[in-house]
Amino acid sequence: FMLFFAVFLGFVAENIREHQVEISRELEYVKSLTEDLNDDVHNLDSMIAFEQTGIEQLDTLIDLLDDAALAKQNGDEIYYVARQGPREYPFPVNSRTLDQLKSSGGFLLIRNVEASNQVINYYNQYSPVKLLENNYSLEFDDYKRVAAKIFDSEILRRQENNASEIMRSHDNPSLLSYDTNLLKELSFHVVQMNGSRRSRLGMFQAQKAKAVQLKLYLQKEYHLENE
């Protein structure tokens, strides 16, 4: 009987130890997730500001393209916004911890089903952002095909400095063409791109709110408020 009791106690102790290890691993994963969310909020703030600036620049480009006389008078500005405004970058979502959870089966450690569902739902929201990025790339290709007939490549290269930044000209450079139909065609593509950027901006703003909400939820559920 004593031997059986000793084996039983050993079995119970081992289960308790494994349970504590799992709780510790779950907590580490959740802490790591909140760090990833912090990174996302920081990156989303940068992308929101970037999109807002790009939208303003594309608005300016549309105004200048819709009036050939204005375009002739504002060569410095039109060359700058035509080069800078369309620039776009993919959002660097931090999915480090999520990838670890998926590859190691770590989601089984997240005993809080609601927390697990919220995490998965949060990252699923990035799929539409990626689709919009792909759509924007196609719109940008259409823009470049028409822009090549309007903007002088020598002037575009002159705008670049050694740090690969785009600088404004200061000599009111001329366009290759002021043909109204050609300018209108380019303006159409800019309008399409600007619409995509406005949609992307809205997605980023909504995703930032979700990142903050999810972080607060995890902190509350796992008592991480002071960590």
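See the structure printed just above.
S.K.: Help me get a handle on the layout of surface pockets, residues and values and all.
M.R.: Reported here for the largest pocket is a volume of approximately 200 Å³. Looking at the lining of the largest pocket, the elements that each hand over two or more residues are helix H3 (75-84) and helix H6 (126-147).

S.K.: If you had to explain the pattern of salt bridges to someone new, which residues and values would you point to?
M.R.: All told, the structure shown has 17 salt bridges when counted by the stated rule. Among the ionic pairs, Asp 36 bridges to Arg 96, the shortest N-O distance being 2.6 Å. Of this pair, Asp 36 sits in helix H1 (residues 2-65) while Arg 96 sits in helix H4 (residues 96-104), placing them 60 residues apart in sequence. You can call Arg 96 partly exposed: its relative accessible area is 39%.

S.K.: Quick one: what's the story with unusual backbone geometry, residue by residue and with numbers?
M.R.: With phi around 50 degrees, Asn 172 is a residue other than glycine that occupies positive phi space. Inspection of the secondary structure puts Asn 172 in the loop between helix H7 (153-158) and helix H8 (180-221). Note on Asn 172: relative accessible area 31%, which makes it partly exposed. Despite not being glycine, His 223 shows a phi value in the positive range, around 55 degrees.

S.K.: Tell me what's going on with the environment of Gln 207, and back it up with residues and numbers.
M.R.: Within the element layout of this structure, Gln 207 appears in helix H8. When the C-alpha atoms of Gln 207 and Leu 44 are compared, they prove to be 7.9 Å apart, with 163 residues separating the residues in sequence. Those residues in contact with Gln 207 that sit more than four places away from it in its chain are Leu 44, Tyr 122, Gln 125 and Tyr 126.

S.K.: Describe the packing of aromatic side chains, and please don't skip the residues or the numbers.
M.R.: All chains considered together, the criterion is met by eight aromatic pairs. With centroids separated by 5.3 Å and ring planes inclined at 70 degrees, the aromatic side chains of Tyr 79 and Phe 151 adopt a geometry described as edge-to-face. Here Tyr 79 is found in helix H3, whereas its partner Phe 151 is found in the loop between H6 and H7, with 72 residues between them in sequence. What makes Tyr 79 buried here is its relative accessible area of 0%. You can call Phe 151 buried: its relative accessible area is 6%. Considering the side-chain rings of Phe 140 and Tyr 143, the 5.9 Å spacing of their centres and the 35 degrees angle between planes classify their relative orientation as tilted. With Phe 140 and Tyr 143 both in helix H6 and three residues apart, this pair spans about one turn of that helix. Look at Phe 140 and you get partly exposed, because its relative accessible area is 24%. One aromatic cluster is present, formed by Phe 91, Tyr 122, Tyr 123, Tyr 126 and Phe 204 through successive ring pairs. Residue placement shows Lys 72 over the ring face of Tyr 178; its charged tip is 5.2 Å from the ring centre. Positioned above the aromatic ring of Tyr 80 is the side chain of Arg 168, whose terminal nitrogen or guanidinium carbon lies 4.0 Å from the ring centre.

S.K.: Lay out the packing of helix H5 (residues 113-124) against H6 with the relevant residues and their values.
M.R.: H6 packs onto H5 with a crossing angle of 10 degrees between their chain directions and a minimal axis gap of 5 Å. The orientation of H5 relative to H6 falls into the category roughly parallel. Between H5 and H6, the contacting residues are Tyr 122, Tyr 123 and Asn 124 on the first element and Tyr 126, Ser 127 and Pro 128 on the second.

Conventions adopted
Sequence order sets the numbering: in each chain, residues are counted from 1 along the sequence as written. In keeping with the model being predicted, local features are shown solely for residues with a pLDDT of at least 70 and side-chain atom pairs are shown and tallied solely at 80 or more, while totals for entire chains, interfaces and linings include all residues. Side-chain numbers here rest on the full set of heavy atoms in the structure, without hydrogens or water. A cavity here means a set of points on a 1 Å grid, drawn over the protein atoms and nothing else, where a 1.4 Å probe fits but cannot get out; a pocket is an open set with protein on both sides within 12 Å along at least five of seven lines, and a residue lines either one if it has an atom within 4 Å of a point. Grid points are joined across faces, edges and corners, and a volume is the space filled by probe spheres set on the points. Runs of E in the DSSP output that reach at least two residues are strands. Runs of H or I that reach at least four are helices, and both are numbered from the N terminus. A carboxyl oxygen of Asp or Glu within 4 Å of a side-chain nitrogen of Lys or Arg is what we treat as a salt bridge. When accessible area is computed with a 1.4 Å probe and restricted to protein chains, residues below 20% of their type maximum are described as buried, those above 50% as exposed, and intermediate ones as partly exposed. Residue contacts are defined here by distance: any two heavy atoms, one from each residue, within 4.5 Å place the two residues in contact. In this scheme Phe, Tyr and Trp rings, the latter by its six-membered ring, pair at centre separations within 6.5 Å, and the angle between planes marks the pair as stacked below 30 degrees, edge-to-face above 60, and tilted otherwise. Throughout this description, the term charge over a ring refers to an Arg CZ or Lys NZ atom that lies within 6 Å of the ring centre and within 35 degrees of the ring normal. Helix axes are fitted to C-alpha atoms over the stretch in contact, other axes to C-alpha atoms as well, and angles between N-to-C directions run from 0 to 180 degrees. We call two directions roughly parallel when the angle between them is under 35 degrees, roughly antiparallel when it is over 145, roughly perpendicular when it lies between 65 and 115, and oblique otherwise.

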